[in-house]
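Here is how the chains run, residue by residue.
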Amino acid sequence: MSYIYHYTTLPALISIISNRRLKLTRLDKFNELYEYNGFFPENMPYDHEIKRMFKDIFVSSWISDKNESIGLWKMFSSLESGVRIGINTTNMFSKSESCEVQVTPLAFRIFGNSFKQKKPCNTIEMVAVEGRESCKVEILEILNSEEQESSIEEIHANLQKKKNLPYISSNSLSYPNEVRLISKVLSKNKPTNKKELKEYEAGIGMDDNFEFILVSLPSSFFEDIEIVVSPDFSETNYITLNAFLSKVGLHTAIRSHLTSSYHNYKDKSTLINM
């Protein structure tokens, strides 16, 4: 894999470049229509344990498909003010599937900017999404084969060893060729002392208020970066964006290859509706 692509908005792009940080969403907070929520049946054993894992995983969704489509622009960005970032993964992940970053929790100011009980791994890794049915079957096999002879903790550990399982997009409406940039946090082991357990659970409760994190981006993220503007991107926005990119020393943005055909479609639609 060489390039992966992320559809976003113009303000988000400016923020990513200016602050050199990327926002990741906690896995259990993904949009239900496209992502992981609702995958596990109600009667699946230890469903709550698997869902607990999602609160320790933060994700930014990308795709490996370089071809644009109107549907993609509408689904993940905007036809009027959207941008698509393309990054060369061989730069960012040249030595392994992960690279070091600095994780900052993101929530209301009252919760501060640090975890109480959890510890960030301070790494980001690239994981390709696999098929939903194979994921479901494999998890069921693990649970069913070990249900009688293993503790919940052992099953949880074995699930974590299956590197891709917690990251797989499971809804049939998820977009194919999805690639996820993943950052994880580690929960401390539960203490046995009642007083310490109470403090631990209170800390975990506070940590669960962090639904997003910001990760620092290495310089390699911006090497060979590609920026494409959406099909109906205004001329004013285009000039403003290119002035900004020139100021920060990045390549000029290019127009979507769908721009001309989309404008022709709009012109014909206007004539028909007159």
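Cut-offs and rules
- Residues numbered from 1 in each chain as written.
- Predicted model: local features only at pLDDT ≥ 70, side-chain atom pairs only at ≥ 80, totals over all residues.
- Heavy atoms only, no water.
- Salt bridge = Lys/Arg side-chain N within 4 Å of Asp/Glu carboxyl O.
- Helix = DSSP H or I, 4+ residues; strand = E, 2+ residues; numbered from the N terminus.
- Buried < 20%, exposed > 50% of the residue type's maximum accessible area, 1.4 Å probe, protein only.
- Pairing = 2+ DSSP bridges.
- Phe/Tyr/Trp six-rings, centres within 6.5 Å; stacked < 30°, edge-to-face > 60°.
- Axes fitted to C-alpha atoms, helices over the stretch in contact; angles between N-to-C directions.
- Parallel < 35°, antiparallel > 145°, perpendicular 65-115°, else oblique.
- Contact = heavy atoms within 4.5 Å.
- Nonpolar A, V, L, I, M, F, W, Y, C, P; charged D, E, K, R; others polar.

(A) View of the pattern of salt bridges. What the rule picks out here adds up to 8 salt bridges. In this structure, the salt-bridge partner of Asp 56 is Lys 118, at a minimum N-O distance of 2.8 Å. In this pair, Asp 56 sits in the loop between α2 (47-54) and β3 (57-63) while Lys 118 sits in strand β7 (residues 118-120), placing the two residues 62 residues apart along the sequence. Here Asp 56 matches Lys 118 in class, with each residue buried.

(B) Structural view of the pairing of strand β2 (residues 21-26). Inspection of the sheet shows β2 paired to strand β10 (residues 212-216) by 5 bridges, in the antiparallel sense. Across the sheet, the residue bridging to Leu 24 is Ile 213, located in β10. Summarising the sheet, β2 and β3 pair through 2 bridges and their orientation is antiparallel. Bridged to Thr 25 within β3 is Val 59.

(C) Molecular detail of the packing of aromatic side chains. This model, assessed by the stated rule, comprises 5 aromatic pairs. Arranged with centres 6.1 Å apart and planes meeting at 85°, the rings of Trp 62 and Phe 221 form a pair that is edge-to-face. One end of the pair, Trp 62, is in strand β3; the other, Phe 221, is in the loop between β10 and β11 (226-229), and 159 residues separate them in sequence. Across this residue pair, the class does not change: Trp 62 and Phe 221 are buried. Between Phe 221 and Phe 222, the ring centres sit 5.1 Å apart and the planes meet at 70°, which makes this aromatic pair edge-to-face. Of the two residues, Phe 221 and Phe 222, both sit in the buried class.

(D) Just the packing of helix α1 (residues 10-19) against helix α8 (residues 235-248), in detail. Where α1 contacts α8, the axes come no closer than 12 Å and their chain directions differ by 5°. As the angle between them shows, α1 and α8 are arranged roughly parallel. The segment α1 lies against α8, with Leu 10, Leu 13, Ile 14, Ile 17 and Ser 18 engaging Asn 237, Leu 241, Phe 244, Leu 245 and Val 248. Considering only residue class, the contact of α1 with α8 consists of 8 nonpolar, 2 polar and no charged.

(E) Representation of unusual backbone geometry. Positive phi is not limited to glycine here, since Arg 20 has a value of about 55°. In this structure, Arg 20 sits in the loop between α1 and β2. Owing to a relative accessible area of 36%, Arg 20 belongs among the partly exposed residues under this scheme. A positive phi angle is found at Asn 122, which is not glycine, with a value near 55°. Here Asn 122 shows up in the loop between β7 and β8 (123-128). Residue Asn 122 is classed as partly exposed on the basis of its relative accessible area, which comes to 24%.

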